[in-house]
Amino acid sequence: MTLRNKVVVVTGAARGLGSAVADRLRTAGAHVIRADLSFPGDDWPDRVALDVADADSWERFAARVRERAGRLDVLVNNAGISARADVVGTDDEDFAHILRVNVWGVWRGIKTFADDLAATGGCVINVGSIYGATTAPPSRVSPSSVAYQAGKAAVHQITKVAAVELAPRGVRVNAVLPGVFRTELLADLPPEELQVRVGGAPLGRPGESAELGPVVELLAGPGASFVTGALIPVDGGYLAAS
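What you see is a predicted model, and the numbers here were worked out from it, not measured in a lab. (Residues numbered from 1 in each chain as written. Predicted model: local features only at pLDDT ≥ 70, side-chain atom pairs only at ≥ 80, totals over all residues. Heavy atoms only, no water.)

1. So, the pairing of strand E6 (residues 123-127)
Then step 1. The element E6 is extensively covered by neighbouring structure, given that five of its five residues are classed as buried.
Then step 2. Pairing between strand E5 (residues 74-77) and E6: four bridges, direction parallel. Residue pairing in the sheet places Val76 in a bridge with Ile125 of E6.
Then step 3. As a crossover connection, the stretch from E5 through helix H3 (residues 92-120) into E6 is right-handed.
Then step 4. The pairing of E6 with strand E7 (residues 172-178) spans five bridges and is parallel. (Buried < 20%, exposed > 50% of the residue type's maximum accessible area, 1.4 Å probe, protein only. Helix = DSSP H or I, 4+ residues; strand = E, 2+ residues; numbered from the N terminus. Pairing = 2+ DSSP bridges. Right-handed = clockwise from strand over helix to strand, strands pointing away.)

2. Re the sheet that holds E5
Then step 1. Ordered in space as E3-E4-E2-E1-E5-E6-E7-E8, the eight strands form an open sheet in which the pairing is mixed. What marks the edges here is a single partner per strand, and that holds for strand E3 (42-43) and strand E8 (231-234).
Then step 2. Taken together, the five bridges between strand E1 (residues 7-11) and strand E2 (residues 31-36) define a ladder with parallel strand orientation. For Val9, the partnering residue across the bridge sits in E2 and is Ile33.
Then step 3. Sitting on the sheet, helix H4 (residues 146-166) is in contact with E6, E7 and E8, with an inclination near 160° to E7. (Contact = heavy atoms within 4.5 Å. Axes fitted to C-alpha atoms, helices over the stretch in contact; angles between N-to-C directions.)

3. Some remarks on the nonpolar core
Then step 1. Ranked by internal contacts, the top residues of the largest apolar core, which has 30 residues, are Phe61 and Phe113.
Then step 2. Of all the secondary structure elements, the ones that give two or more residues to this core are E1, E2, helix H2 (55-68), H3 and H4.
Then step 3. It is H3 that provides the largest number of residues to this core, a total of seven residues.
Then step 4. Once residues within four sequence positions are removed from consideration, Phe61 is found in contact with Val9, Ile33, Ala35, Val48, Ala49, Leu50 and Phe113.
Then step 5. If you look at the next biggest cluster of nonpolar residues, it comprises 24 residues, including Val8, Val32, Val76 and Leu212. (Core = buried A, V, L, I, M, F, W, Y, C linked by side-chain atoms within 4.5 Å.)

4. Some details on unusual backbone geometry
Then step 1. In this chain, Trp44 is followed by Pro45 through a cis amide linkage whose omega measures -5°.
Then step 2. Assignment of secondary structure puts Pro45 in the loop between E3 and strand E4 (47-49).

5. A short note on H3
Then step 1. With 29 residues, H3 ought to run about 42 Å at 1.5 Å a step, and its terminal C-alpha atoms sit 40 Å apart, in line with that.
Then step 2. The N-cap residue of H3 is Asp91: its side-chain oxygen and the backbone nitrogen of Glu93 are 3.3 Å apart.
Then step 3. Positive phi shows up at Gly121, right after H3, with a value of about 65°. (Expected span 1.5 Å × (residues − 1). Polar contact = N/O pair within 3.5 Å; in protein donor to acceptor, adjacent residues only side chain to side chain.)

By themselves these figures say nothing about function.
Written out as structure tokens, the structure reads:
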């Protein structure tokens, strides 16, 4: 097992890609701490409350991890939200909140656990998106979220900056860029709209949640010991063809 006895935090782990990643890392032997805003309390380690948009919540969560686990080897910044609104239709509050969760939350997670990860020679894996590297297909029926796309682009840059700055401390920082996956974020798309997005990928289908975890496992494990600052698409070839 590639992650035997490693302590891993996965944010946004209640459902979707976060839950699937947590399952995969646990199968790889890790002690996985699942964190999510929807968790009501502290059912250690499977359901620990964390609001990634709140500094105090991060500090309480970190104190709990240090008290109960004593270390941290891998931080997976997966928590994220979106909204179906275009550039003109997005209101101020939604734009600010999406960036707070998707961008500030990633930065705050790295900042909070940097010393812990340096102590173990650990790593960070951020969940970006192909839509932080390219735009979504235009649609009058289901507009994409400009705040989501801008935020994911920022996550990619945070990944690079953190990789450079934390390398002297022995901490690797990478990101995975999911393409079109079957998750709740796309559940509201009409079938024809989903097909437009899937059609952009040479493999011609959406990804399944279980297909992201193995890539995260690779980045978290010893096989990626010389990999940092990388943005790795997991998208069926979408970015290669775009």
